[in-house]
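Notes for the structure review
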Amino acid sequence: MNTLLRHLGRRLARSNAGVEAGISLIEVLVAMLIFAIIAVGVGYGIVTSLYLSNDARSREVATNLAAQEIDLARSAPNVFEVLARTSTVVQNGTTFSVHRSTDWETSTGADGNCGSGGGQLRYRHLNVTVTWNSMRATTPVVRADSALAPGSRINDPALGTILVSVLTASGSGAAGVAISAVPNAVPNGAQTLSVAPPATDAQGCSYLLKVKPGTYDVSAMRPNFVDKNQAAVSVMTVGVAAGGAASVSFAYDLAGTVTTNYATNISTGMTLLPTDLHTTWRSTYAAYTPLNPSVSTTQTFRLHPFASGYQVFGGSYVAPTPTATPPSLGCVAVDPAAWTTPAPDGAIGPAAAQVATLPGGTAIVDVPLGVFTVTGLAGQYLRAVSQPAGAAQGDPGCALGTVYTFGPVPAGATAQFALPFGSFALSSGPSSGTAVVPVTALNAALLTRGSVGLVLTLDPRLVVAP
């Protein structure tokens, strides 16, 4: 018994000694780590639960908003007025974005804006998507689809339908464009429309329903707009058969205004331009070569606002067509980049000036020209005729015999003139029709690169910097 009591006393003494010694730092750190792991796990679970709960509530609201948007479209009195749109709704502090897109499904089974898929219009396909600002990355977008059938028949087996699409330079629909259609000049069964077509809607669409079969000239018009051919009133011809549908598409947008400054490569003297100078505006679509409205060295042009812009240079560019009968060599010397053969000093033709403008915007571009002076011809008319390739070393030529006219030459010892790049035979006379007396180096001198002799050559080639 005494032995047992002594043993217990020794054990208690050791325990008391350990308590007095305290807890070690490692034990504290381990305890804190365990607590942190448990706390993070619990916190993450709580946060995830809150996110999931909030996401579920938001998804339920989004589903209701999508259904409401479908019901709203179905209640529209006219299926043609149901258009794409985007709206926002705020509920319980969450912002929802509701986007509605529409397309026509046609008898071919294809979806297309303005019925561009071809075939007769059948019904309008709706797609509604709803997103919200607190969506998780893994949460799918809420979607709803429906089909709207027209309230009355829009197709007639004895009549046709013309579907019109008007797009801006960016590819979006051009709204508010007036549409008209008249029978083509050639008799073909088409008849004048009894009801004027509606202007294009927000998607750039207009519909000509139940028209007599035949060929029509369809026009698009809106103030300050121009089409890709630079026409203020865009016209396209389309034929439609009985029971069929035809589509016509316009590229039509608010014009941009470009100011051109000519012969800026010469900063001295007053330079005269010919009365019949054209300017080439070359886009990815085609080359547009309008006649300059005046002889001023600063002029303005209203152009379709192609996103890629234009290359611009003086003169009327005509591409060669070697496959034509007879083959055409065109007129390429006016493009400085066409002078690809290096000159004796290694100079080559530079790229043409580049310019672009936004719809309704403005821009300025400098257009270099070949500049020369003439003496002793005061009161006379000066005539320049373009020459084909071979007239001067490296000149790609203008085989069309393009004529440029100045006159009468102002009084004074020397007059300064500008022409597109290329080679020209110069002549003078008392009127433009009698300007046949050759003008040679005795009367002409260069202010820009080139040569003077029986033929005047205006050379755009520049030495490339090493």
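What this report covers is the structure whose coordinates are included nearby. Given the structure is predicted, the values throughout are model-derived calculations rather than measurements.

1. What about the nonpolar core?
- Within the largest apolar cluster, 39 residues are counted, with the highest numbers of intra-cluster contacts made by Trp 281, Val 355, Phe 372, Leu 382, Phe 417, Leu 419 and Leu 426.
- The biggest single contributor to this core is strand S24 (residues 414-419), with four residues.
- Discounting residues that sit within four places of it in the chain, Val 355 has contacts with Val 258, Trp 281, Gly 309, Tyr 310, Val 312, Ala 363, Ile 364 and Val 365.
- Listed in part, the 25 residues of the second largest apolar core include Val 61, Ala 73, Val 98 and Cys 114.

2. Description of the state of the cysteines
- What the rule picks out here adds up to two disulfides.
- Each sulfur in the disulfide pair Cys 331 and Cys 398 lies 2.0 Å from the other. Negative torsions about the S-S bond denote left-handed disulfides, and the value of about -110° found for Cys 331 with Cys 398 makes this one left-handed. Placement of Cys 331 in the loop between strand S18 (310-314) and strand S19 (353-355) and of Cys 398 in the loop between strand S22 (381-386) and strand S23 (403-406) is noted, with a sequence separation of 67 residues between them. No difference in accessibility class separates Cys 331 from Cys 398, as the two residues are buried.
- For the protein chain, the bonded cysteines pair up as 1-2, 3-4 when numbered in the order they occur along the sequence.

3. Things to note about the pairing of strand S25 (residues 422-429)
- Counted residue by residue, S25 has seven buried out of eight residues, so it is predominantly covered.
- By the bridge criterion, six bridges tie S22 to S25 in an arrangement that is antiparallel. Its bridge partner being in S25, Arg 383 is matched across the sheet by Ser 427.
- Bridge count between S25 and strand S29 (residues 456-458): three bridges; the pairing is antiparallel. If you follow Phe 424 over to S29, its bridge partner there is Leu 456.
- Pairing between S25 and strand S26 (residues 437-438): two bridges, direction antiparallel. Opposite Ser 428, over in S26, you have Val 437 as the bridge partner.

4. Things to note about the sheet that holds strand S17 (residues 298-303)
- Strand order across the open sheet formed by three strands is S17-S13-S20, with mixed pairing between neighbours. Edge positions in the sheet fall to S17 and strand S20 (362-367), since each of these pairs with one other strand and no more. Strand after strand, the sheet turns through a mean of 25° between neighbouring axes, direction not considered.

5. Describing unusual backbone geometry
- Cis peptide bonds are those with omega within 30 degrees of zero, and the linkage from Gly 407 to Pro 408 qualifies with -10°.
- Its place among the elements puts Pro 408 in the loop between S23 and S24.
- With a phi close to 70°, Asn 224 is a non-glycine residue in the positive phi region.
- Even without glycine at this site, Gln 230 takes up a positive phi of about 70°.

6. Thoughts on the pattern of salt bridges
- On inspection of all chains with the given rule, the structure shows eight salt bridges.
- Where Arg 100 meets Glu 69, a salt bridge forms, and the shortest distance between an N and an O atom there is 3.2 Å. Of this pair, Arg 100 sits in strand S2 (residues 94-106) while Glu 69 sits in helix H2 (residues 25-74), placing them 31 residues apart in sequence. This pair shows no difference in class: Arg 100 is buried, exactly as Glu 69 is.
- A salt bridge links Glu 105 to Arg 122; the nearest nitrogen and oxygen atoms lie 3.8 Å apart. One end of the pair, Glu 105, is in strand S2; the other, Arg 122, is in strand S4 (residues 121-132), with 17 residues separating them in the sequence.
- You can call Glu 105 buried: its relative accessible area is 16%.
- When its relative accessible area of 44% is taken as the criterion, Arg 122 is described as partly exposed.
- Members of the salt-bridge network, linked through shared partners, are Asp 345, Arg 449, Asp 459 and Arg 461.

7. Let's talk about the side chain of Ser 219
- Following the sequence through the fold, Ser 219 ends up in strand S9 (residues 214-221).
- Residues in contact with Ser 219, not counting those within four places in the same chain, are Ala 178, Ile 179, Ser 180, Val 233, Ser 234, Val 235 and Phe 250.

Conventions used here
Residues numbered from 1 in each chain as written. Predicted model: local features only at pLDDT ≥ 70, side-chain atom pairs only at ≥ 80, totals over all residues. Heavy atoms only, no water. Core = buried A, V, L, I, M, F, W, Y, C linked by side-chain atoms within 4.5 Å. Buried < 20%, exposed > 50% of the residue type's maximum accessible area, 1.4 Å probe, protein only. Helix = DSSP H or I, 4+ residues; strand = E, 2+ residues; numbered from the N terminus. Contact = heavy atoms within 4.5 Å. Disulfide = S-S within 2.5 Å. Pairing = 2+ DSSP bridges. Axes fitted to C-alpha atoms, helices over the stretch in contact; angles between N-to-C directions. Salt bridge = Lys/Arg side-chain N within 4 Å of Asp/Glu carboxyl O.

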